[in-house]
Amino acid sequence: AMSKSAVKISSDLLANPLCEQEPAFLQMVTAFDTAMRRMDSFNQEKVDRPWLGSGSAGGGLGSFSSVFPSLNVAVKRREQTLQDYKRLQSKVEKYEEKERTGPVLAKLHQ
């Protein structure tokens, strides 16, 4: 959005009557306009680039695992911890549903 605004400003400056009167100002504004349009096209190219691979939610992000190995390890550790949590949570729910006897209470409060 910022580069779109800069392109609009540079276009408005080019339409300014002062550009017709001052060739140096026209040259400067033309250079500014060219730079803003190039920046806008560069930004648009980056926005339009497909980061995710086709068919999967994180397909294109796998290429970053070699760049950030510690991040990849942390993500795997988080997934493992989340699986452990869900497994233990289901155990707790199972024991809470059972009759409250001595062995069940002991397992519930481990």
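Every value quoted in this text rests on a predicted model; they were computed, and no experiment measured them.

Criteria and thresholds
Residues numbered from 1 in each chain as written. Predicted model: local features only at pLDDT ≥ 70, side-chain atom pairs only at ≥ 80, totals over all residues. Heavy atoms only, no water. Helix = DSSP H or I, 4+ residues; strand = E, 2+ residues; numbered from the N terminus. Expected span 1.5 Å × (residues − 1). Buried < 20%, exposed > 50% of the residue type's maximum accessible area, 1.4 Å probe, protein only. Arc of directions from axis to C-beta. Contact = heavy atoms within 4.5 Å. pLDDT = per-residue confidence, 0-100. Salt bridge = Lys/Arg side-chain N within 4 Å of Asp/Glu carboxyl O. Axes fitted to C-alpha atoms, helices over the stretch in contact; angles between N-to-C directions. Parallel < 35°, antiparallel > 145°, perpendicular 65-115°, else oblique. Left-handed = near helix turned anticlockwise from the far one by under 90°. Nonpolar A, V, L, I, M, F, W, Y, C, P; charged D, E, K, R; others polar.

**Quick look at helix α1 (residues 2–14)**
Move 1: Between its terminal C-alpha atoms α1 stretches 19 Å, which fits the 18 Å expected from 13 residues at 1.5 Å a residue.
Move 2: Restricting attention to buried positions, one finds in α1 the residues S3, A6, V7 and S10. When α1 is viewed along its axis, its buried side chains cluster within an angular range of 100° and face the same direction.
Move 3: At its buried positions, α1 is contacted by α3 (23–48).

**Thoughts on the confidence of the model for the chain**
Move 1: This prediction gives the chain a mean pLDDT of 77; 79% of its residues lie at or above 70.
Move 2: Within the model, pLDDT remains below 50 along residues 52–59, and this stretch shows 6 contacts once partners closer than five positions in the same chain are excluded.

**What to know about α3**
Move 1: Between its first and last C-alpha atoms α3 spans 37 Å; for 26 residues at 1.5 Å apiece the expected length is 38 Å, and the two agree.
Move 2: Within α3, burial applies to V29, D33, M36 and D40.

**Focus: the pattern of salt bridges**
Move 1: For the coordinates displayed, the defined rule picks out 4 salt bridges.
Move 2: A salt bridge links R78 to E79; its shortest N-O distance comes to 3.5 Å.

**Digging into the packing of α1 against α3**
Move 1: Between α1 and α3, whose axes approach to 9 Å, the crossing angle comes to 155°. Looking at the two axes, α1 sits roughly antiparallel to α3. Taken as a pair, α1 and α3 cross one another with a handedness that is left-handed. Touching S3, K4, A6, V7, S10, S11, L13 and L14 of α1 are F25, L26, V29, T30, F32, D33, M36, R37, M39, D40, N43 and Q44, all from α3.
Move 2: Considering only residue class, the contact of α1 with α3 consists of 10 nonpolar, 6 polar and 4 charged.

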